[in-house]
Amino acid sequence: LARTVVTLEEFNIDETFLTSEQAVDIFMAISGGSMLKKLTIGRNNLSAVGPERFAKTISKLEEVDLSDTHLTRTQVNQLIKAIYYSRLKKLNIRDNDLSIVDPTLLAEIVVNRQEINLNSTCLTEHQAKAIFVAMTRELKLTKLNIGSNNLSSVEPRQMARSVNKLEAVELYQADLTERQAEEILRHGLVQTSLKRLGIGTVNCEVDMYLVHQARSVFKDLDI
């Protein structure tokens with residue numbers, strides 16, 4: 001299996017019940033040199049892979065799906081540090097606990113990827129705020145999924161400016177406040193790059209006239 005992986009440019013091994021030995025061998029093979037650019041290995045337990053080898057391997061790729069892979073704290077920390085200067089463009093790390101990652105470092109990782117999925121990653125208040133502050137500056141990011149994290153502490157106008165700079169944003173189950181939701185829509189009526197905005201059901205009363213106006217601006221609005 002490991003020898004096969006290194007001969008390919010793309011490899012999808014999502015939810016295949018990899019053993020610890022298989023996971024370790026795959027990462028050992030890739031880190032030794034391969035043609036691989038895109039790896040989808042989500043919903044497998046990768047906790048047995050050595051943190052340094054794990055991080056080194058991911059930093060060599062352009063796209064990776066690590067969703068729900070039971071990453072340890074050490075693996076997460078090593079990964080975030082390793083990909084800071086890497087060529088990685090798309091990262092899906094949903095359903096892994098990122099709460100221990102330095103907020104500033106995490107924010108820089110986010111804004112310098114093209115697409116990132118942070119859904120259900122146990123973001124702290126400081127991490128959430130740092131991400132949206134960083135997004136107000138120049139960024140490479142175009143698509144962001146940051147749902148299933150509590151974002152209620154993020155300053156509404158800052159969130160609105162940041163979100164409307166992107167092409168696609170998912171904010172499902174993000175505990176948005178009424179003001180946050182309405183600021184995002186109001187800003188979009190004036191200036192936006194958004195083509196897709198997913199908010200879903202919110203636990204607050206959002207101005208439905210504002211929602212109606214926003215639907216004429218956003219090509220794909222779910223609220």
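See above for the structure.
A. View of the overall build of the chain. Summing up its helical and strand segments, the chain has 9 helices and 9 strands in all. For the chain, the spread of C-alpha atoms along the three principal axes comes to 60 × 30 × 30 Å. Per-residue burial over the chain gives 48% buried out of 223 residues. Once local pairs closer than 6 in sequence are excluded, the contacts in the chain between residues at least 24 apart make up 76%. Accessible surface, the chain as shown: approximately 10700 Å² in total, 45% of it carbon and sulfur. Charged side chains in the chain number 27 positive and 29 negative. The centres of these two groups are separated by 6 Å.

B. Quick look at a nonpolar patch on the surface. A cluster of nonpolar side chains, namely L189, V190 and V217, defines an oily patch on the protein surface of about 250 Å² accessible area. Structurally, the position occupied by V190 is in helix α8 (residues 178-190).

C. Region of interest: the sheet that holds strand β4 (residues 90-92). What the 9 strands build is an open sheet, ordered β1-β2-β3-β4-β5-β6-β7-β8-β9; its pairing is parallel. Only two strands of the sheet have a single partner each, and these edge strands are β1 (10-12) and β9 (220-222). Each strand of the sheet is rotated relative to its neighbour by a mean of 5 degrees, with strand direction disregarded. Inspection of the sheet shows strand β8 (residues 196-198) paired to β9 by 3 bridges, in the parallel sense.

D. Looking closely at the packing of helix α2 (residues 20-31) against helix α3 (residues 51-58). Interhelical geometry of α2 versus α3 gives an angle of 55 degrees and a closest axis separation of 9 Å. Taken together, the axes of α2 and α3 lie oblique to each other. Handedness of the α2/α3 crossing: left-handed. Contacts from F27, M28, I30 and S31 of α2 reach α3 at R53, F54, K56, T57 and I58. Across the contact of α2 with α3, the residue classes break down as 5 nonpolar, 2 polar and 2 charged.

E. Expanded view of the side chain of E170. Looking at the element boundaries, E170 is found in strand β7 (residues 168-170). Not counting chain neighbours up to four residues away, the residues in contact with E170 comprise L144, N145, I146, G147, R196 and G198.

F. Fine view of the pattern of salt bridges. If you walk through the whole model with that rule in mind, you get 15 salt bridges. With its nearest N and O atoms 2.6 Å apart, the salt bridge here joins R43 to D14. Highlighted residues: R43 in the loop between β2 (38-40) and α3 and D14 in the loop between β1 and α2, separated in sequence by 29 residues. Exposure remark for D14: the relative accessible area of 19% places this residue in the buried category. Of the charged contacts in the structure, one is a salt bridge between R94 and D95, with a shortest N-O distance of 3.2 Å. Assessed through its relative accessible area of 26%, R94 is described here as partly exposed. Using a relative accessible area of 34% as the deciding quantity, one classes D95 as partly exposed. One salt-bridge network, in which partners are shared between bridges, spans K38, E63, K90, E115 and K143.

Parameters at a glance
- Counting restarts for each chain: residues are numbered from 1 in the order of the written sequence.
- Residues qualify for local features only when their pLDDT is at least 70, as the model is predicted, and side-chain atom pairs are given and counted only at 80 or more; totals for whole chains, interfaces and linings, by contrast, use all residues.
- The basis for every side-chain value is the complete set of heavy atoms in the structure, and neither hydrogens nor water enter the calculation.
- Each helix is a run of H or I in the DSSP string that is no shorter than four residues. Each strand is a run of E no shorter than two, and both are numbered from the N terminus.
- To sort residues, take the accessible area from a 1.4 Å probe on protein chains only and compare it with the maximum for the residue type: under 20% means buried, over 50% means exposed, and anything in between is partly exposed.
- In this analysis, two residues are considered to be in contact whenever any of their non-hydrogen atoms come within 4.5 Å of each other.
- Areas reported here follow the Shrake-Rupley algorithm with a probe of radius 1.4 Å; residue values treat only the protein chains shown as occluding.
- Counting rule for charge: Lys and Arg are taken as positive, Asp and Glu as negative, and neither His nor the chain ends is counted.
- Working definition for charges: the position is that of NZ of Lys, CZ of Arg, CG of Asp or CD of Glu.
- Residues enter patches when their relative accessible area tops 30% and they take part in no salt bridge; the joining distance is 9 Å for like charges and 5 Å for the nonpolar side chains Val, Leu, Ile, Met, Phe, Trp and Tyr.
- Put simply, a salt bridge is a Lys or Arg side-chain nitrogen that is within 4 Å of an Asp or Glu carboxyl oxygen.
- Being paired, for any two strands, means DSSP has found at least two bridges between them.
- Only the stretch in contact is used when a helix axis is fitted, and all axes are lines through C-alpha atoms; the angle between N-to-C directions ranges over 0 to 180 degrees.
- Note that the term roughly parallel is reserved for angles under 35 degrees, roughly antiparallel for angles over 145, roughly perpendicular for angles of 65 to 115, and oblique for everything else.
- Less than a right angle of anticlockwise turn of the near helix away from the far helix marks a crossing as left-handed, whereas a clockwise turn marks it as right-handed.
- Each residue gets one label: Ala, Val, Leu, Ile, Met, Phe, Trp, Tyr, Cys and Pro are nonpolar, Asp, Glu, Lys and Arg are charged, and the others, such as Gly, are polar.

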